Amino acid sequence: MMETWISDEMRSAIGREFGTVIRSLPICASDIRKWALAIYWPKPPPKLFWDEAYAATTQHRGIVAPEEFNPFAWFTADGPVLPRESSQNPLRSGPEGALKISAPDTHVALNGGREIVHGVRMRPGDVITQGPTKLVDYRERSTRHGLTLITVTESTWTNQSEETVRVTRGTSLRY
Amino acid sequence: MNKYIDYELPPFERASDFAAWNRYAAVNDEFIPIHMDDEAGRAAGFQSAFGMGNLQVAYLHAVLREWMQDEGRVMSLTCQMRAPNLRGTLTTATGKIIKVSDEGDDTVVEIEVATRTEDGTILSQGVAKVAFANVQ
């Protein structure tokens, strides 16, 4: 049985930032509407996400995005989001490539959970920036899949006014 | 405020199938084989393809929103993925109030949240905090 997935090189990378700053295109009301419909289908999503006249009467004074909306899907300000090495083989993906360290030889990667702190709402016209992601921790646990590597990362999104939109700690499981 | 403890939010139910996952993949750029192909799901150690964890997170937000309507705001949400969201099941997002307190001008409500299948299997669980502005 594998004794550990965590190499000394990986352990020494804990606390480091990786990746580049990503900036979204201005959020479109149409993207918000489609996102909301995908979540709420086959029922209508809340009017706050698609009816401008109604949304104007709420505390938000206009359409806002669902809290979990992803403004970086498909296109960013840098252009189309095309397959990279990690997403061509997402079952092996992790932060090690961006950290320029050797990746463990795991074969499956899963979403293990999220810790999300929400700030201001995203709304049409907003440009969202994701700063570099921080490697918070590596841990391990025995599961029915064998020794499982737990990777915790943290990223922060801000809007064009430098207000915090979201801080997310993501946990991935690899085995 | 203790009278609100243990109050259960109206559940939010959605079918777990390829159609739902494809709609979500289309908006979140998440066309990953384990969510699209039973064989890939089996290769990962499960009995079929399974839904996205991010979609579970969306359903957990949705159950909060359905209850709050447009009055409250979600301050935070934590969740752990506990089991794969397998194809052909019904996913139900639930919430139960566990704490109510005043923080500044807000009433803050802590809610145990989870998604489950119809046989009671917990898919994800965590805690959310939502805030309502106190009426002056």
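Everything that follows concerns the structure shown earlier in this document.
This text gives an overview of the structure that appears in the document. Quick caveat: nothing in here was measured; it's all calculated off a predicted structure.

1. Structural notes on helix H4 (residues 53-68) of chain B
Residue and element names in this part refer to chain B. Its 16 residues place the ends of H4 23 Å apart at the C-alpha level, agreeing with the 22 Å of an ideal helix rising 1.5 Å per residue. Within H4, the full set of buried residues consists of Gly53, Leu55, Gln56, Val57, Ala58, Tyr59, Leu60, His61, Ala62, Val63, Leu64 and Arg65. Immediately downstream of H4, the backbone of glutamine 69 shows phi near 55 degrees, a positive value.

2. A look at unusual backbone geometry
In the segment running from A:Trp41 into A:Pro42, the intervening peptide bond is cis, with an omega of 10 degrees. Considering the arrangement of structural elements, one finds A:Pro42 in the loop between helix H2 (29-40) and helix H3 (52-55). Positive phi, close to 75 degrees, is recorded for B:Asp6, a residue that is not glycine. Residue placement: B:Asp6 occurs in the segment before strand E1 (12-16).

3. Comments concerning the environment of B:Leu64
Residues and elements named next belong to chain B. The topology assignment puts leucine 64 in helix H4. Assessed through the 24 C-beta atoms surrounding it within 10 Å, leucine 64 is described here as buried. Sequence separation between leucine 64 and valine 113 is 49 residues, and the spatial gap between their C-alpha atoms is 8.7 Å. Those residues in contact with leucine 64 that lie beyond four places of it in its chain are Val74, Gly95, Ile111, Ala128 and Val130.

Reading the values: rules and limits
Residues numbered from 1 in each chain as written. Chains lettered and ligands numbered in written order. Predicted model: local features only at pLDDT ≥ 70, side-chain atom pairs only at ≥ 80, totals over all residues. Helix = DSSP H or I, 4+ residues; strand = E, 2+ residues; numbered from the N terminus. Expected span 1.5 Å × (residues − 1). Buried ≥ 20, exposed ≤ 12 C-beta atoms within 10 Å, placed from the backbone. Contact = placed C-beta atoms within 7 Å.

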